[in-house]
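Coordinates in review
In case you want the letters, here they are:
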Amino acid sequence: MEYGTNKLFYSDFLYDSQSQLYSRSVNGVAMADKETLETIKVSNVLVFEAQHETIDSKGRQSIDLSSGGAALLFQAGGVREIEWNSVDGMLVPFADGEVVKLIPGKTWIHIVPTVPGIEQSVSYTP
C-alpha cells in the first residue's frame, strides 16, 4: 500500500506473509524505532478520510475528527472498505454498523483529506 500525493513523501507499507506484519517506509527508506533501530512493523493499517480545512496563512490544518467517514483497513495481507466514527473521542473503525476487530499488535492510522480523498491518496495491490 502507498499513501501520499507528494512523491517525495510517499509512505509505503509492505506485507510480509511470514511474520503477518506490515513494515513501513517513507520515500523508500525503512522507518525504524529511534532507540532500538528495529524496523517499524504493525498488524493493522487504517486509512481514515476526514475533512481538512486550511485555517491560516501558514497552511495549518483543522481536521474534522468527529464526523466520521470512509476508511480502508489493511490486515492479514488484505484490504476492506469500511467506515470510521468518533465514539467518546476515539476514532473507531466500523463495518455494517459493527465495530471492526483489529488483529492484536500495533496499529498505524493515516488520516487523509476528503479532497483528493482515499481513491487519489492511497494505492494498493489486493
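None of the values given here were measured: they were computed from a predicted structure.

Turning our attention to the sheet that holds strand S12 (residues 98-99). Spatially, the six strands line up as an open sheet ordered S12-S11-S10-S9-S6-S13, and their pairing is mixed. At either margin of the open sheet sits one strand with a lone partner, and together these are S12 and strand S13 (107-113). Two strands pair when backbone bridges link them, and strand S9 (residues 69-75) and strand S10 (residues 78-87) are joined in this way by seven bridges, in the antiparallel orientation. Bridge pairing in S10 places leucine 72 opposite glutamate 81.

Of all seven residues in S9, five are buried, a share of seventy percent or more. In terms of strand pairing, strand S6 (residues 44-50) meets S9 through five bridges, oriented antiparallel. Along S9, the bridge assignment pairs valine 47 with leucine 72.

About the criteria used
- Residues numbered from 1 in each chain as written.
- Predicted model: local features only at pLDDT ≥ 70, side-chain atom pairs only at ≥ 80, totals over all residues.
- Heavy atoms only, no water.
- Pairing = 2+ DSSP bridges.
- Helix = DSSP H or I, 4+ residues; strand = E, 2+ residues; numbered from the N terminus.
- Buried < 20%, exposed > 50% of the residue type's maximum accessible area, 1.4 Å probe, protein only.

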